[in-house]
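What follows is each chain in one-letter form.
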Number of protein chains: 2
Amino acid sequence: MINSKDQLLRERAASVIPGGMWGHMSTRYLGSAYPQFFERADGCRVWDVDGREYIDLMCSWGPNILGHHHRVVEEAAARQRSLGDAMNGPGEVLVELAELLVKTVAHADWAMLQKNGTDATTACVTIARAGTGRRKVLVARGSYHGAVPWCTPSLAGVTAEDRAHLIHFDYNDVASLEAAVEQAGNDLAAVVVTAFRHDIARDQELPTAAFAKRARELTTAADAALIVDDVRAGFRIDLAGSWEPLGVRPDLSAFSKAIANGYPLAAITGTDRFREAATKVYVTGSFWYGAVAMAAAIATIKTLRDTNAIASMNAAGERLRSGLDAAARKHGLLLRQTGPVSMPMVLFDGDAEFSKADAFCSAALREGAYFHPRHNMFLSAAHTAGDVDLALHAADAGMAAAAQVA
Amino acid sequence: MINSKDQLLRERAASVIPGGMWGHMSTRYLGSAYPQFFERADGCRVWDVDGREYIDLMCSWGPNILGHHHRVVEEAAARQRSLGDAMNGPGEVLVELAELLVKTVAHADWAMLQKNGTDATTACVTIARAGTGRRKVLVARGSYHGAVPWCTPSLAGVTAEDRAHLIHFDYNDVASLEAAVEQAGNDLAAVVVTAFRHDIARDQELPTAAFAKRARELTTAADAALIVDDVRAGFRIDLAGSWEPLGVRPDLSAFSKAIANGYPLAAITGTDRFREAATKVYVTGSFWYGAVAMAAAIATIKTLRDTNAIASMNAAGERLRSGLDAAARKHGLLLRQTGPVSMPMVLFDGDAEFSKADAFCSAALREGAYFHPRHNMFLSAAHTAGDVDLALHAADAGMAAAAQVA
């Protein structure tokens, strides 16, 4: 569609933005059917700049958890905006939100706020080092914890020293975790784990109880920090923290994405063990006191709690998963659907090059459903059964296209 | 004021936030007269949670450049918000803003957007390393470039490796810069300089032409990046970039604070020399595509341009500076007022312990003007002559109090 508005914007972008777009929302690795630019969004729907409407299975890559333009959130944000946003200090909403996080997140004795998920994971690591006086940080191979030199997946511009104190283990592999702890010796500051394994382009894995418990035992024994990176999963699995159903409580957690239904905010929660360390680490940003995003977060978390939104997302996720399985069977395809149903990862058997996934997604997109071929997706509480059925209708065309791929 | 709302909020905050508050907006180093929490803001005025009104000389530590609730900015933001904010990809406003930055900032061939000033400075450094294949980054002693391990002023939680490739020089000291370049040898990636010297608790210094030109010559000769950290000063000195009046153009610039009149946004601009490197560095965040802050930035930059806002800020700054000088003379005090008039640093002679400054600020605060004793301040285009005169009236009480300090 050479004369499409999206194409014209891409051409303009190519001249003023390196590569035409940066980061995770660049469509350069997606099929040509994917729009780069969006006109508007409402509930669980998005419209691209050429006016095409989609049932959205990405939810802005996580932030949209209650639906775009959610009335309660927007009213709370508007009320705070009419008072003030970025002021010379925080508003009362900072205290209210910190109290709400402490009340909601099981391990939390305190909270601090930031803007990016990367801010939160980086602050957790820094606080863990400050609180232990040690340096080694254990991270799982392939886990994504942000986009700055210590953790970014691309090594361009990264020096060896940026990662000098990282030690890797394999997610859910107790022996590899024990070996990494052994290697850290008496310099172990923290073990950092994502809430579940949600690496790009591979099956998701829920943490095993054995792995989670051992991570807690090892860090407790070493008086090091167990950090759960709940940036992606936070508020979608358990409002008390994604490891709460496992009975394992971290020392520090990082949240962002869904915390304020799309308003830019991140948070860390911590235990009293790391309270003093948190006072010593200097972390801040020009907009970290913006009151509007905090008001939105309070409304978001209370709405999630009061409307049983996680159950709604799970119901939509179950319906999507069983519908996709049925559509795959109909077209003679084998799917692997992994991870929490509300955060679907859909991969095709025998599809090492992702050509079936690409064909599926492109065809489904043309029929009005926005899936992703290699990244986990997200459902929101705004996805009704009817919305899921519309997505499944589009998915049927997607499966037919995937079935044509050798 | 033990029963004040501010005090009650501080007590609640102390239990759920480490130290009661983190970062640059914590009042723990300020006099007890300073409120920690704010109720609302409008134009160049702020109200604390106990209802006290202040003429604001801090402008939210920079972001507020046109005045709170600026009609044009708010309307642009509201229009975009009614469409969508955080979507599956950017809106058309991303392209418009990148084009506007390229058109406005003299050295810019391209732009990228982030959320924090620290995001922007860190991305500049990473892009410089990627583009040169080298590691050493030269920074001025005492300059503030953000609050992550490579640059944060506190060393708690920071490892030696986080700063392994930093080499220090003294701002405005050509010989020290040359020595640092010499030390970097063939591993020089970048020289990073703030737009002017605005270190905390000391006189500000504008860059000398000799220093700026030599920084450009040395980086050009080494094919390294000259990075101007314009996070704090950007859009207050020259819309084309703060070093444009010096005739010196950087390769990369970092902007944030005032770029969207308080909406959370940061930007880097760069030359074609670093365009390809910028495509290789993976930088992103969940909210970096939020369209509302971009719409606000477009409106802010156009309004700054079309209303000659910098001249307004300079006029207010001149009036404040001469008024403060007169008030100091009246009370037998000697002031040092340094840096751009629109970003005042006011220090008292013979005040090594800042006790005069603290007395001045506390008394002025009680009279309705919010000054800062040790950090540079900010004027906005919303500060009229009448507002400055109100601040000067309060400053007179402040000078009387400062004159009482031995």
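Within an unreviewed UniProt entry, the label attached to chain A reads Glutamate-1-semialdehyde 2,1-aminomutase, and the organism entered is Rhizobium loti. The UniProt entry for chain A carries the following comment under Sequence similarities (unreviewed entry): "Belongs to the class-III pyridoxal-phosphate-dependent aminotransferase family."

## Observations concerning the relation of the copies chain A and chain B
With an axial shift of 0.0 Å and an RMSD of 0.0 Å, the rotation relating chain A to chain B amounts to 180 degrees. Read as a symmetry element, the transformation amounts to a two-fold axis. In terms of C-alpha distance to the rotation axis, chain A has Glu161(A) as its closest residue, with the C-alpha 2.6 Å off the axis.

## Thoughts on the interface of chain A and chain B
Taken together, the contact between chain A and chain B spans 98 residues of the former and 98 residues of the latter. Carbon and sulfur atoms make up 59% of the surface buried where chain A meets chain B, a total of about 8,400 Å² over both sides. On the chain A side of the interface with chain B, the three residues burying the most area are Trp22(A), Asn88(A) and Tyr282(A), jointly 11% of the side's total. At the boundary of chain A with chain B, the tally comes to 6 salt bridges. For Lys5(B), the salt bridge goes to Glu92(A), with nearest N and O atoms at 2.9 Å. Counting across the chain A and chain B interface gives 40 residue pairs in polar contact (both at pLDDT 80 or more). Per-class residue counts for the side of chain A that touches chain B are 48 nonpolar, 28 polar and 22 charged.

## Some points on the domain arrangement of chain A
Frequently, the measure chosen for interface size is the accessible area removed from exposure when the parts meet. Residues and elements named next belong to chain A. The domains assigned to chain A are domain 1 (5-61 + 308-403) and domain 2 (71-306). Taking the mean C-alpha position of each, domain 1 and domain 2 sit 27 Å from one another. Contact residues are listed per partner, giving 21 residues for domain 1 and 20 residues for domain 2. Each partner contributes to the roughly 1,600 Å² buried at the junction of domain 1 and domain 2, and carbon and sulfur atoms together form 60% of this total. On the domain 1 side of the contact with domain 2, Ile310, Pro340 and Met343 bury the most area, a combined 28% of that side's loss.

## As for the sheet that holds strand S5 (residues 136-140) of chain B
Residue and element names in this part refer to chain B. Ordered by their spatial adjacency, 7 strands build an open sheet running S4-S10-S9-S8-S7-S5-S6, and the pairing between neighbours is mixed. Both edges of this open sheet fall to strand S4 (110-114) and strand S6 (166-169), since each of them pairs with a single strand only. For this sheet, the mean angle separating the axes of adjacent strands, direction not counted, is 20 degrees. With 4 bridges joining them, S5 and strand S7 (residues 188-194) adopt parallel strand pairing. Bridge pairing in S7 links lysine 136 to leucine 188. Packed onto the sheet, helix H6 (residues 209-222) meets S6, S7 and strand S8 (225-229) and runs at close to 140 degrees relative to S8.

## Comments concerning the sheet that holds strand S3 (residues 53-56) of chain A
Residue and element names in this part refer to chain A. Here we have 4 strands laid out as an open sheet, ordered S1-S2-S3-S13, and mixed in their pairing. For this open sheet the edge positions go to strand S1 (38-42) and strand S13 (369-370), each flanked by a neighbour on one side alone. Two elements, S1 and strand S2 (residues 45-48), share 4 bridges in a ladder whose sense is antiparallel. Bridge pairing in S2 links aspartate 42 to arginine 45.

## Comments concerning the nonpolar core
Counting 118 residues, the largest nonpolar core has Leu324(A), Phe371(A), Leu101(B), Ile127(B) and Ile259(B) as the members making the most contacts within it. Top contributing element to this core by residue count: helix H8 (residues 291-306) of chain B, with 11 residues. Grouped together as the second largest cluster of nonpolar side chains are 117 residues, Ala111(A), Trp150(A), Tyr289(A) and Ile298(A) included.

## Section: the packing of aromatic side chains
All names here are of chain A. Following the criterion strictly, the structure yields 22 aromatic pairs over all chains and no others. Aromatic pair tyrosine 171 and phenylalanine 211: ring centres 5.1 Å apart, planes at 40 degrees, arrangement tilted. Here tyrosine 171 is found in the loop between strand S6 (166-169) and helix H5 (174-184), whereas its partner phenylalanine 211 is found in helix H6 (residues 209-222), with 40 residues between them in sequence. Assessed through its relative accessible area of 3%, tyrosine 171 is described here as buried. With relative accessibility at 0%, the residue phenylalanine 211 sits in the buried group. An aromatic cluster of at least three residues, connected via ring pairs, comprises Tyr34, Phe38, Tyr54 and Tyr370.

## Topic: the pattern of salt bridges
Tallied over the entire structure, the rule returns 54 salt bridges over all chains. Residues Arg12(A) and Glu92(B) are paired through a salt bridge, measuring 3.9 Å at the closest nitrogen-oxygen approach. With one member in each of two chains, Arg12(A) in helix H1 (residues 5-16) and Glu92(B) in helix H3 (residues 92-104) form a pair that bridges those chains. Assessed through its relative accessible area of 31%, Arg12(A) is described here as partly exposed.

## Regarding the environment of Ser26(A)
Tracing the sequence through the fold places Ser26(A) in the loop between H1 and S1. With 10 residues separating them in the primary sequence, Ser26(A) and Gln36(A) have C-alpha atoms 7.0 Å apart. Each residue touching Ser26(A), except ones within four places of it in the same chain, is listed here: Met21(A), Gln36(A) and Tyr289(B). At 3.2 Å, the side chain of Ser26(A) and the backbone nitrogen of Arg28(A) are in polar contact.

What counts as what
Residues numbered from 1 in each chain as written. Chains lettered and ligands numbered in written order. Predicted model: local features only at pLDDT ≥ 70, side-chain atom pairs only at ≥ 80, totals over all residues. Heavy atoms only, no water. UniProt positions renumbered as here; feature names shortened; annotations may be inferred. Least-squares fit on C-alpha atoms with pLDDT ≥ 70 in both. Contact = heavy atoms within 4.5 Å. Buried area = accessible area lost by both parts, 1.4 Å probe. Salt bridge = Lys/Arg side-chain N within 4 Å of Asp/Glu carboxyl O. Polar contact = N/O pair within 3.5 Å; in protein donor to acceptor, adjacent residues only side chain to side chain. Nonpolar A, V, L, I, M, F, W, Y, C, P; charged D, E, K, R; others polar. Domains from an automatic or database assignment. Pairing = 2+ DSSP bridges. Helix = DSSP H or I, 4+ residues; strand = E, 2+ residues; numbered from the N terminus. Axes fitted to C-alpha atoms, helices over the stretch in contact; angles between N-to-C directions. Core = buried A, V, L, I, M, F, W, Y, C linked by side-chain atoms within 4.5 Å. Buried < 20%, exposed > 50% of the residue type's maximum accessible area, 1.4 Å probe, protein only. Phe/Tyr/Trp six-rings, centres within 6.5 Å; stacked < 30°, edge-to-face > 60°.

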